[in-house]
Amino acid sequence: MSNIETKTDVILIGAGIMSATLGTLLKELVPEWNITVFEKLDKPGEESSHELNNAGTGHAALCELNYTVEKPDGTLDIKKAINVNEQFQVSKQFWAYLVKNNLIQNPQDFIMPLPHMSMVQGEKDVEFLKKRFEALSKNPLFQGMEYTEDPEKLLEWIPLIMKDRPSNEPIAATKVDAGTDVNFGNLTRMLFDHLKNKNVNINYNHSVKDVKRTSDGLWDLKVKDLNSGSVEHHKAKFVFIGGGGGSLHLLQKSGIPEGRHIGGFPVSGIFMVCNNPEVIEKHHAKVYGKAKVGAPPMSVPHLDTRYINNKKSLLFGPFAGFSPKFLKTGSNMDLITSIKHDNLLTMLAAGVKEIPLTKYLIQQVMLSKEQRMEELREFIPNAKSEDWDLIVAGQRVQVIKDTEAGGKGTLQFGTEVITAADGSIAALLGASPGASTAVHVMLEIIKKCFPQQMLEWEPKIKDMIPSYGLSLMEHPDLLAKINASTGEALGLIEKQEKAEKKQKELVLS
């Protein structure tokens, strides 16, 4: 057993999209800082960031109905949709900056233009979608949103979904051509290649076993080299815990008071993947429906065109699954060992509150392939079982905490950032919209953890993200300018025109 001990400025735990983004931002802001990364697996982006573990929607609230909530008086609250959209715009600006400055190449390998659509059936939901369209389409962020109930128009937009559909139920859809499909696995790998070129010390097959504060104010990490079995100690001034589902255990080990009374509940996802190229070719959009009553927001059914390894594919899901693991490669003891004396009551309260969710998850786990096919047929009426295979997606650990609004043991469905009062350690917990808003979330961490440097760093941040500190909704001219420049840098405009031409040919044929 070796007693290696090193000191560094920054340690990033986990080689997913979050650490990749934070590392890239810090290397632009302070190139002289030494950064070390530890990842348990043998390569980056293998857990939640991996393209088959992640919906890759480029969440901009263009199609996700759970970001617009109907209030008791019948009006719609669109605040969350606006926030998510603004945050995705920040990600696009940063990626465009990286491409323009040759820090990463070939944007088509990680981002493609793709229409984002919402589709609903039945009078009540059609009414809801119409209201949503009226509320959002007036907003500059949602410019270009179209709405239709016309079967002919719908056949043009979504031929695979509309073909052979019984016409006895009202159906409506909205479409925004400016949506995207993002391959976060590829993007993560690109960013880690870039960080390697910037002399970031990246250690794969290294598992962080403990995080402790030392008397000199540094953080001491006990790290096991999984290849040799040796244990090392690494010290840093600042630590970021970005290990997906694995973050909660490390946050608890850090002992910071901000990490108390927080629990986690794992939910896994199962997708159906189409194996028939003819069927794949007939669909070109991400089409989101409405979650069933009792289903968690992350189980909103959607039929997605995806670009994986530069090849078009078609996925449907997600069906919820349950495993006590916090990571796909985690342990069956993860859930049990995350329960501590300080979060026990929080977890018990959540258990009582979330009985319907637990029941829903058990039902989902028990579904046969044919029952899953029946759900798919609500989207594709003539779907054939032999054209579809099942894959298990990534694990998501939903945060459970005590909130003023929800009381003790409230299940959270967003992304949560926990930082120590002195800003020396930060952890990222939670799930969707996660990866899509990574740049915004990491900038928030930088702002909280390095307040004294912000004045000096701000000009560089504005160089990377021209809208930094501004609401694009309130600056439509700037929004138009940014859309044009990011669209050009990421090759989105040209690819969108090509795709639209191809879609028209498909409809005509």
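The paragraphs below set out a description of the structure included in this document. The structure displayed is predicted, hence computed values, not measured ones. (Residues numbered from 1 in each chain as written. Predicted model: local features only at pLDDT ≥ 70, side-chain atom pairs only at ≥ 80, totals over all residues. Heavy atoms only, no water.)

### Points about the pairing of strand β16 (residues 302–308)
Thought 1: The buried fraction of β16 amounts to seven of the seven residues, a majority that puts the element mostly inside the structure.
Thought 2: Residues of β16 alternate between two faces, with His302, Asp304, Arg306 and Ile308 on one and Leu303, Thr305 and Tyr307 on the opposite face, all of them buried.
Thought 3: Pairing of strand β15 (residues 286–288) with β16 involves three bridges; the strand directions are antiparallel. When the bridges of β16 are listed, Val287 appears paired with Leu303.
Thought 4: The turn linking β16 back onto strand β17 (residues 311–321) is made up of two residues, and Asn309 within it adopts a positive phi angle of 55°. (Buried < 20%, exposed > 50% of the residue type's maximum accessible area, 1.4 Å probe, protein only. Helix = DSSP H or I, 4+ residues; strand = E, 2+ residues; numbered from the N terminus. Pairing = 2+ DSSP bridges.)

### What about the pattern of salt bridges?
Thought 1: Under the definition given, this model contains 25 salt bridges.
Thought 2: Here Arg189 ties to Glu51 by a salt bridge, and the two come within 2.7 Å at their closest N and O atoms. Note that Arg189 is positioned in helix α6 (residues 184–197) and Glu51 in the loop between β2 (35–38) and β3 (69–70), a separation of 138 residues in sequence.
Thought 3: With relative accessibility at 24%, the residue Arg189 sits in the partly exposed group.
Thought 4: Taking relative accessible area as the criterion, Glu51 reaches 5% and is therefore assigned buried.
Thought 5: Through salt bridges with shared partners, one network takes in Asp181, Lys286, Asp304 and Arg306. (Salt bridge = Lys/Arg side-chain N within 4 Å of Asp/Glu carboxyl O.)

### Structural notes on helix α3 (residues 123–137)
Thought 1: When the terminal C-alpha atoms of α3 are compared, their 21 Å separation across 15 residues agrees well with the 21 Å that a helix rising 1.5 Å per residue should span.
Thought 2: Residues Asp125, Val126, Phe128, Leu129, Arg132, Phe133 and Leu136 constitute the buried set of α3. Considered in projection along α3, the buried side chains sweep an arc of 160° and stay on one side of the axis. The outward face of α3, more than 90 degrees from its buried face, is lined by the exposed residues Glu123 and Lys124.
Thought 3: Of the surrounding elements, those touching the buried residues of α3 are β3, β4 (76–77), α2 (79–100), β6 (116–121), β7 (146–148) and β8 (171–176). (Expected span 1.5 Å × (residues − 1). Arc of directions from axis to C-beta. Contact = heavy atoms within 4.5 Å.)

### Observations regarding a positive patch on the surface
Thought 1: A grouping of Lys209, Lys222, Lys224, Lys253 and Lys340 is seen on the molecular surface, where their side chains present a positively charged patch.
Thought 2: The exposure class of Lys340 is partly exposed, given its relative accessible area of 34%. (Patch = residues over 30% accessible without salt bridge, like charges linked within 9 Å, V, L, I, M, F, W, Y side chains within 5 Å. Areas by Shrake-Rupley, 256 points an atom, 1.4 Å probe, with all protein chains shown as cover. Lys, Arg positive; Asp, Glu negative; His and termini not counted. Charge placed at Lys NZ, Arg CZ, Asp CG, Glu CD.)

### With respect to the packing of helix α1 (residues 17–29) against α2
Thought 1: The geometry of α1 relative to α2 is characterised by a closest axis approach of 13 Å and an angle of 60° between their N-to-C directions. It follows from the interaxial angle that α1 and α2 lie oblique. Both α1 and α2 take part in a crossing whose hand is left-handed. Judged by residue contacts, Thr21, Thr24, Leu25 and Glu28 of α1 engage Phe94, Tyr97 and Leu98 from α2.
Thought 2: Tallied by class, residues from the contact of α1 with α2 come to four nonpolar, two polar and one charged. (Axes fitted to C-alpha atoms, helices over the stretch in contact; angles between N-to-C directions. Parallel < 35°, antiparallel > 145°, perpendicular 65-115°, else oblique. Left-handed = near helix turned anticlockwise from the far one by under 90°. Nonpolar A, V, L, I, M, F, W, Y, C, P; charged D, E, K, R; others polar.)

### Things to note about the sheet that holds strand β19 (residues 407–411)
Thought 1: On the basis of which strands lie adjacent, the open sheet formed by nine strands has the order β7-β8-β6-β15-β16-β17-β14-β18-β19 and mixed pairing. Unpaired on one side and paired on the other, β7 and β19 mark the two borders of the sheet. The mean inter-strand angle of the sheet, taken between neighbouring strand axes irrespective of direction, is 25°.
Thought 2: Lying over the sheet, helix α11 (residues 355–366) contacts β14 (262–274), β17 and β19, oriented at roughly 130° with respect to β17.

### A closer look at the environment of Ile380
Thought 1: Within the fold, Ile380 resides in the loop between α12 (369–376) and β18 (388–403).
Thought 2: The sequence separation of Ile380 and Phe316 amounts to 64 residues, and the corresponding C-alpha distance is 10 Å.
Thought 3: The residues contacting Ile380, other than those within four sequence positions of it, are Leu160, Arg165, Leu303 and Trp388.

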